[in-house]
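Residue-level structure breakdown
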Amino acid sequence: MVTDEIQGSGDARVGAGGAAYAGGRAPARATVDLDAIRHNVEVLGQHAGSAAVMAVVKADGYGHGLVPSARAAVSGGASWLGVAQLSEALALRDSDIHVPVMSWLHVPGADFAAAIAGDIDLSVSALWSLAEVADAARTLGRTARIHLKVDTGLGRNGAFGEDWPVLLHAARSLEAEGAVRIVGVWSHFIFADEPAHPTVQSQQERFAQAVRDAERAGCDLEVRHIANSAATLTNPGAAFDMVRPGLAVYGLSPVPSLGDPTYFRLRPAMTLSADLAVTKRVPAGQGLSYGHQYVTSEDTTVGLVPMGYADGIPRNATNVGPLSVAGARHTVSGRVCMDQFVVDLGPRSGSRAGDQVTLFGAGDSGEPTAQDWAQATGTISYEIITRIGARVPRVYLGGQQ
Ligand SMILES: *Cc1c(COP(=O)(O)O)cnc(C)c1O
């Protein structure tokens, strides 16, 4: 929930469960530009053409905050929202968000009755979930809206091979009975981030075949969907009736080998920053942090950054994570600890406690980006933004709340 709490100046509002940071100024913060999210969804909508945009807001809106991200995405033209887990879908409904919401990753015993009562569309990948969803619908005297998932080669979720026609025909029987309505058929790419990979075309063909199977079986589908961010931006032929972007909603490039966010006309929404807790002079030859993995090469000033692996800073950012302090680039100096790490600011630094350190942002002012962090630590930008800890308050700029 976004509150009217003001932190600092301007129109920034603190999210993180609706409370302002309890201890006064927070040591670190993730500032989220809701206007950037709205802009990104508008751009994705232009790529989608006549297809609808389902903004994926799972994993707390990729770390940006579920509800504020969802509202910003809807203001940018998203007519659907997608989440992995039912709790996320129900949280959207609890926040008075009424656009169609689809949830896709469930285990036996999930509260499908709550989902159906909340008008949540459900993905069905297997006979067990079809049976549980239908039971819940019968008990409620309602019809569950389902999207049948076909595994077109990813080898992850979805009905594979001969399981597909079995699932389809079982679902059709329950549709005839009124327990379910099959509103969608959907799938997911293996290599959308390598647009020329031959599996892209073969999966698209298999998907089109699965759609034909469903239509031949008598389904009256509302939506067919397979495209994530990468496919939405690079493969117009994969849009079908709806695209399902996540990463690009938050302004990061899903195909860094092809281009950065600017290339795709996206604006990174999150800036991760902290205030220096301490600065001090140390001599040449001084080791910094646990294990002394970094040793100063000259008399210098070091700064203490109050974020650690508990806040989502990868421990393997030790000696490689990029930072910006007072407009200059620096690097994590020594081991990343649970709550803090140290940075060698150089012999001529005038930085003092309270000065701001930017870990990543849009890059417009020369600061590192989430993609830079991903590259430095051997991962993808998805992981960098979604792993920011719950202890870091999200501060919102823009939007219409
Ligand atoms: C996360 C997810 C998406 C969004 O993927 P991006 O690469 O972030 O655009 C789309 N569909 C499914 C099934 C997902 O799990």
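Structure shown above.
Bear in mind that the values here come from a model prediction, so they are computed numbers and not experimental data.

1. Here's the deal with the sheet that holds strand β12 (residues 278-282)
Strand order in the open sheet formed by three strands is β12-β15-β18, and the pairing between neighbours is antiparallel. If you trace the sheet from one side to the other, it starts and ends with β12 and β18 (341-346), each paired once. Strand-to-strand, the axes of this sheet are offset by a mean angle of 30 degrees, without reference to chain direction. Sheet topology places β12 next to strand β15 (residues 300-305); five bridges connect them, and they run antiparallel. Paired with Val 282 across the bridge in β15 is Thr 300.

2. A short note on the packing of aromatic side chains
Across all of its chains, the model carries six aromatic pairs by this definition. Look at Phe 112 and Trp 128: their rings are 6.3 Å apart centre to centre, the planes differ by 40 degrees, and that puts the pair in the tilted class. Of this pair, Phe 112 sits in helix α5 (residues 112-117) while Trp 128 sits in helix α6 (residues 127-140), and the two are 16 residues apart along the sequence. Judged by relative accessible area, which is 3%, Phe 112 ranks as buried.

3. Examining unusual backbone geometry
Non-glycine residue Asp 96 carries a positive phi angle of around 65 degrees. Structurally, the position occupied by Asp 96 is in the loop between α4 (86-94) and β5 (101-103). Here Asp 96 falls in the exposed class, since its relative accessible area comes to 59%. Positive phi values are uncommon outside glycine, yet Arg 265 reaches one of about 65 degrees. In this structure, Arg 265 sits in the loop between β10 (242-243) and β11 (270-275).

4. Quick look at the site of the ligand
Taken together, 14 residues lie around the ligand, and Lys 58, Tyr 62, Ser 229, Gly 246 and Tyr 382 are the ones closest in. At a separation of 2.7 Å, an oxygen atom of the ligand approaches a polar side-chain atom of Lys 58. At 3.4 Å, a side-chain N or O of Asn 228 approaches an oxygen atom of the ligand.

The rules behind each value
Think of each chain on its own: its residues are numbered from 1, step by step along the sequence as written. The predicted origin of the model limits local features to residues at a pLDDT of at least 70 and limits the giving and counting of side-chain atom pairs to 80 or more, whereas totals for whole chains, interfaces and linings rest on all residues. Side-chain figures throughout are based on the complete set of non-hydrogen atoms in the structure, without hydrogens or water. Strands pair, by our definition, only if DSSP identifies at least two bridges between them. Only DSSP runs of H or I covering at least 4 residues are called helices, and only runs of E covering at least 2 are called strands; the numbering of each starts at the N terminus. Between the N-to-C directions of two axes lies an angle of 0 to 180 degrees, each axis being a line fitted to C-alpha atoms and, for a helix, fitted only over the stretch in contact. Side-chain rings of Phe, Tyr and Trp (the six-membered ring for Trp) are treated as a pair once their centres are within 6.5 Å; stacked means planes under 30 degrees apart, edge-to-face means over 60, and tilted covers the remaining angles. Under the scheme applied here, a residue whose accessible area is under 20% of the maximum for its type counts as buried, over 50% as exposed, and between as partly exposed, the area being computed with a 1.4 Å probe on protein chains only. Here a residue is considered near a molecule or strand provided that any single heavy atom belonging to it is located within 4 Å of it. Nitrogen and oxygen atoms within 3.5 Å of one another constitute a polar contact, given that in protein one can donate a hydrogen and the other can accept it, and given that sequence-neighbouring residues count only through two side-chain atoms.

Keep in mind these numbers describe shape, not what the thing actually does.
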